[in-house]
Amino acid sequence: MTIGRGIIDIVVNLKTARVYSEGRLPTDAAFQSKTNQTEAARQGVELDEYVAMMDAAGIERSLLVAARCGDMRMRGSVEIPYDYVHEACLAFPDRFSGAAGIDPTKGMKGLYELEHAVKELGFVAAHWYPHWFGIAPDQAQIYPYYAKCCELGIPIMLQVGHNLVYQRDRRLPSVGRPITLDQVAIDFPELMIVGIHLGVPWTDEMISMAYKHENIFIGGDAYAPRYWPPQMVHFANTYGREKFLFGTDWPVVDPVKAVQQVDELAFRPESWQRIMRDNALNLFKLPGRGGV
């Protein structure tokens, strides 16, 4: 089944009323205001409502993230249980696929959970926030998870670039400079790495990593497309069209507005097809590729 234009959104946060009521949101009101989130989005949008938004945007499938935001032994840390995302995928199997959040402080337990998410729940990717744990992408604590992703044959998405203040009483350091992916790609050439959030403000550094390493890709999420840096738009539209993937990081970016703004950038048809659909289908081995 192809909905509208068949777009794939690689980063969507599960933010339902249940998630809101249980206090599982990692951001406070100040961050939500800074990112212009609507009042309705702040308190949660039910899955059928979000699917309607996807339809309006021409988005066929979204990758739902079971996010893990910090060591759960610390105040202010939250996580979305894998089961919540799995339930959403079961309810809308043609519209959602799961991405398993990683908490490196869980050690072997976290590795077992990741394997369960992929083998038993059908998740198609891992997802990691380095800044929530104060661990740079090239540090030893995360390497076992890279190895597990290689073993499972799944990509890992991780935030690169700076991070904003998500909670005013807990400010996190920006540990994810794109250049730290250099050693990771060298040590794990089999690992498909997606640097999400564009690498801002080090976007040239992010482009250089994707250009250098065949296993590094860029996720164009968390920033409205009209604000994508010009050099990133050029990369995605020309020599980097096979290395760039569309995403929103909903509720940070509205999906309908995001697709409209991509259209305003007037990508070449072959580039649009790559960045809005084909790259994601192939990288995450999603239904719809090669007639699957």
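The following refers to the structure shown. This is a predicted model, so every value here is computed, not measured. (Residues numbered from 1 in each chain as written. Predicted model: local features only at pLDDT ≥ 70, side-chain atom pairs only at ≥ 80, totals over all residues. Heavy atoms only, no water.)

Focus: the sheet that holds strand E6 (residues 125-128)
Adjacent strands of a sheet form backbone hydrogen bonds with each other and so pair up, either parallel or antiparallel.
At step 1: The strand order E1-E2-E5-E6-E7-E8-E9-E10 describes an open sheet built from eight strands, whose pairing is parallel. The sheet is open, and its two edges are formed by strand E1 (7-13) and strand E10 (244-246), each paired on a single side. The sheet shows a mean angle of 30° between the axes of neighbouring strands, taken without regard to direction.
At step 2: Judged from the four bridges that link them, strand E7 (residues 156-159) and strand E8 (residues 193-196) form a sheet pairing that is parallel. Bridged to Leu158 within E8 is Gly195.
At step 3: Against the sheet, helix H10 (residues 203-212) contacts E8 and strand E9 (216-220), and its axis sits at roughly 140° relative to E9.
At step 4: Where helix H12 (residues 255-264) meets the sheet, its contacts fall on E1, strand E2 (59-66) and E10, and the angle it forms with E10 comes to roughly 135°. (Pairing = 2+ DSSP bridges. Helix = DSSP H or I, 4+ residues; strand = E, 2+ residues; numbered from the N terminus. Axes fitted to C-alpha atoms, helices over the stretch in contact; angles between N-to-C directions. Contact = heavy atoms within 4.5 Å.)

Things to note about the packing of aromatic side chains
At step 1: For the structure on display, the rule yields 11 aromatic pairs.
At step 2: When the ring of Tyr146 is compared with that of Phe188, the centres are 5.6 Å apart and the planes differ by 65°; the resulting orientation is edge-to-face. Here the residue Tyr146 occupies a position in helix H8 (residues 143-152), and Phe188 occupies one in the loop between helix H9 (181-187) and E8, the gap between them amounting to 42 residues. Accessibility classification places Tyr146 together with Phe188 in one group, the buried group.
At step 3: Three or more aromatic residues link up through ring pairs in this structure, and these residues are Phe31, Trp132 and Tyr166.
At step 4: A cation over a ring is seen here: Arg18 above Tyr84, with NZ or CZ 3.6 Å from the ring centre. (Phe/Tyr/Trp six-rings, centres within 6.5 Å; stacked < 30°, edge-to-face > 60°. Buried < 20%, exposed > 50% of the residue type's maximum accessible area, 1.4 Å probe, protein only. Lys NZ or Arg CZ within 6 Å of the ring centre and 35° of its normal.)

Structural notes on empty space enclosed by the protein
At step 1: This structure, assessed with the given rule, holds one cavity of 30 Å³ or more.
At step 2: Approximately 50 Å³ is the volume attributed to the largest cavity.
At step 3: Considering the residues around the largest cavity, the lining is formed by Val12, Asn13, Leu14, Lys15, Thr16, Val45, Leu47, Tyr50, Leu64, Phe96 and Trp250.
At step 4: For the lining of the largest cavity, the class distribution of residues is eight nonpolar, two polar and one charged. (1 Å grid on protein atoms, 1.4 Å probe; cavity = no way out; pocket = protein on both sides within 12 Å on 5 of 7 lines; lining within 4 Å. Points joined across faces, edges and corners; volume = space filled by probe spheres on them. Nonpolar A, V, L, I, M, F, W, Y, C, P; charged D, E, K, R; others polar.)

Focus on the layout of surface pockets
At step 1: A volume near 1,000 Å³ is recorded for the largest pocket.
At step 2: Together, 46 residues line the largest pocket, and Thr35, Gln37, Pro251, Val252 and Val253 are the ones closest to its centre.
At step 3: Going through the elements one at a time, helix H2 (29-34), helix H3 (39-42), strand E4 (78-79), helix H7 (130-133) and H12 are the ones with two or more residues in the lining of the largest pocket.
At step 4: Per-class residue counts for the lining of the largest pocket are 26 nonpolar, 12 polar and eight charged.

Concerning the pairing of strand E5 (residues 96-101)
At step 1: Extensive coverage of E5 is indicated by the burial of six of its six residues.
At step 2: Residues Phe96, Gly98 and Ala100 of E5 are buried on one face, and the alternating residues Ser97, Ala99 and Gly101, pointing to the opposite face, are buried as well.
At step 3: Two strands pair when backbone bridges link them, and E2 and E5 are joined in this way by five bridges, in the parallel orientation. Bridge pairing in E5 places Val65 opposite Ala99.
At step 4: Bridge analysis of E5 against E6 gives three bridges, and the strand direction is parallel. Counterpart to Ala99 in the pairing with E6 is Ala125.
At step 5: A crossover connection joins E5 to the parallel E6 through helix H6 (residues 108-119); in handedness this β-α-β unit is right-handed. (Right-handed = clockwise from strand over helix to strand, strands pointing away.)

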